[in-house]
Each structure stands twice: as C-alpha cells, then as structure tokens.
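Spelled out from the first residue to the last, the chains are:
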Amino acid sequence: MTEGVTGTGGSGGIGGTGGASEGERHVRVVLVDDHRMFRTGVQAEIGATDRTGVEVVGEAADVDQAVSVIAATRPEVVLLDVHLPGGGGVEVLRRSTALMSDATNPVRFLALSVSDAAEDVIGVIRGGARGYVTKTITGADLVDAVFRVRDGDAVFSPRLAGFVLDAFASTDAPPIDEDLDRLTQREREVLRLIARGYAYKEIAKQLFISVKTVESHVSAVLRKLQLSNRHELTRWATARRLV
C-alpha cells in the first residue's frame, strides 16, 4: 500500500508536482541510505531531471560519507535514511547544523525510512529535519515532498504527523527503556516487523538484507532481551507499544 504526504505551508498540494516541463522547477538532492539497491531505485524513480526536476548530485552510505558529500555538493535537499552506520541520521543532522542554519542557501533534510516508529520520527525532527516520509511513498509524492521541503514546508506521511504533534505538545521527556536501549537501530526495526507478524523473507525484502541476516538480528534481540521465541518477543513489543 502506498501513501501520500501531509504538509504545512503554502507551496501547493500533491497533485501539483507535474514535471520539469514547467521549466523553472529544479532541485539538487543528495541520497543518503546504506543500501545501494535502494539508492539506485530512488535514483531511477525520481532522478530523471528533465521529467521530475530533481537532480541527484551525490550519494552516501554512512554518516561520514554523508557529511562529506553534503558539504562538498551543498544540495538543497537531502533524502536521509534514519538508520545508518556511524551513528544514524541524527548524527548526520548534528554534524550538518551549520549548513541547515545558512541564511542564504540552507540545506534541508527530508527523512526517508522504512521505520515508522515514533522515536525515530521525533528524533530526526528534533535534530532539524523538515519532514519524514516512509518508503511506501510513491515516486510522484516523493518528488512533491522534496520540492515542498526545499521551499520550507514541513512534510510528513499522514500517520506520522500525529507523532510530532504529540511530542512537541508535551514538555515531558520520553521515559528511558534500558531494555530497548540495548538494541541497535537495525535490531529495533527487525523487532517491530517480527512483532507485526512478518515472515523472515518479508522482513529481508523490506530492509534490503538477507534472510540469514534477519535470523542473526532476531537471535541477538532474543538474547539481549532474555526471551525464548518470537511469541514472547511479540508480547514484549506490544506491551511497550512498539508495534
């Protein structure tokens, strides 16, 4: 199932994307994702500049590469995965604060992730990202989201907007979960998908990893949480509202 985007600001709706035939529509973008196949897919989907107006000027697969490429190319928008080797998307944002704050040519960030977890959404928005969309988004809606973020809008997949509103309406800090903190970002992704009833093959496909890697992550999660099987894991995740 695909979904659209919800935004704030005044730069038009989803249906206004059209193509670059309007002439002046052009935006320079950097893709940051640790899966080469996914970057290739996004490039093929939105990177035909004469059609979409999107020019992909750089790619990166981890935090250090991302910071270097972004500084070298100074794109208008960065499509940023949340879970990256080297510290994740939040670390890229932290190290790009000066570029985001540039009054003349700010670099703006749009998170594009398989994760729809509230803590991931809130983390990157607090880090300075202008929006967050999941990888179920269509190519046309992603192009629209890129232009809207470039123009200063905040853009979210509809279900995720509520997370942000709830988070910033509350002054309370989120509670610390020491058990959850033992897990890596990738282990948390696998945990949620397992708890939602996905088979290993389906998880591998969604996360662009092998079935063997999924099995390794599940084993690590069970060991760290001292659980015996996926049924206990599902109950654990449900009790913490992670599903």
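Here the structure is shown first, and the text comes after it.
Residues numbered from 1 in each chain as written. Predicted model: local features only at pLDDT ≥ 70, side-chain atom pairs only at ≥ 80, totals over all residues. Heavy atoms only, no water.

Let us look at the overall build of the chain. The secondary structure content of the chain amounts to 13 helices and seven strands. With 243 residues in all, the chain has 47% of them scored as buried. Of the accessible surface of the chain, which amounts to about 11,800 Å², a share of 51% is contributed by carbon and sulfur atoms. (Helix = DSSP H or I, 4+ residues; strand = E, 2+ residues; numbered from the N terminus. Buried < 20%, exposed > 50% of the residue type's maximum accessible area, 1.4 Å probe, protein only. Areas by Shrake-Rupley, 256 points an atom, 1.4 Å probe, with all protein chains shown as cover.)

On to the environment of G89, then. Structurally, the position occupied by G89 is in helix α4 (residues 88–95). Under the relative-accessibility criterion, G89 is labelled buried at 0%. Taking C-alpha positions, G89 is 7.3 Å from V63, a pair spaced 26 residues apart along the chain. Not counting the four nearest positions on each side in its chain, G89 is found in contact with L80, D81, V82 and L84. (Contact = heavy atoms within 4.5 Å.)

Running from amino to carboxyl end, helix α10 (residues 185–195) crosses helix α13 (residues 230–239) at an angle of 100 degrees, the nearest separation of the two axes being 9 Å. Overall, the two elements α10 and α13 adopt an arrangement that is roughly perpendicular. Every residue of α13 that contacts α10 at L191, I194 and A195 is listed here: R230, L233, T234, W236 and A237. Broken down by class, the residue content of the contact of α10 with α13 amounts to six nonpolar, one polar and one charged. (Axes fitted to C-alpha atoms, helices over the stretch in contact; angles between N-to-C directions. Parallel < 35°, antiparallel > 145°, perpendicular 65-115°, else oblique. Nonpolar A, V, L, I, M, F, W, Y, C, P; charged D, E, K, R; others polar.)

We now examine the pairing of strand β2 (residues 27–32). Of all six residues in β2, five are buried, a share of seventy percent or more. Note: β2 against strand β3 (residues 54–60), six bridges, orientation parallel. The partner of V29 across the bridge, within β3, is V56. Direction of pairing for β2 relative to strand β4 (residues 77–80): parallel, over a ladder of four bridges. Note that in β4 the partner of L31 across the bridge is L79. (Pairing = 2+ DSSP bridges.)

This part is about the packing of α10 against helix α11 (residues 200–207). Two elements in contact, α10 and α11, have axes whose closest approach is 10 Å; the angle formed by their N-to-C orientations is 135 degrees. Regarding the angle of α10 to α11, the classification is oblique. The element α10 and its partner α11 pack so that their crossing is right-handed. On α11, the residues touching R186, E189, V190, L193 and I194 of α10 are Y200, I203, Q206 and L207. Residues of the contact of α10 with α11, tallied by class, amount to six nonpolar, one polar and two charged. (Left-handed = near helix turned anticlockwise from the far one by under 90°.)

I70 and F109 are the most contacted members of the largest nonpolar core, which has 28 residues in total. Element by element, the count of residues in this core is highest for helix α3 (residues 63–73), at five residues. Contact partners of F109, with chain neighbours within four places excluded, come to I70, V78, L80, V92, L93, S96, M100, A129, R130, G131 and V149. (Core = buried A, V, L, I, M, F, W, Y, C linked by side-chain atoms within 4.5 Å.)

At R74, a position not held by glycine, the phi torsion is positive, near 45 degrees. Counting through the fold element by element, R74 comes out in the loop between α3 and β4. R74 sits in the partly exposed class, given a relative accessible area of 34%.

This part covers the environment of V211. Mapping V211 onto the fold places it in helix α12 (residues 211–225). Residue V211 is classed as partly exposed on the basis of its relative accessible area, which comes to 31%. Sequence separation between V211 and A199 is 12 residues; the distance between their C-alpha atoms is 9.6 Å. V211 has contacts with Y200, K201 and A204, leaving out every residue within four places of it along the chain.

In total, this model carries 15 salt bridges according to the counting rule given. Ionic pairing is found between E187 and K224, a salt bridge with its closest N-O pair at 2.8 Å. Taken as a pair, E187 in helix α10 and K224 in helix α12 lie far apart in primary sequence, 37 residues in all. Overall, E187 belongs to the buried group, its relative accessible area being 6%. The class for K224 is partly exposed, based on a relative accessible area of 26%. By sharing partners, the salt bridges in this structure join D33, D81 and K135 into a single network. (Salt bridge = Lys/Arg side-chain N within 4 Å of Asp/Glu carboxyl O.)

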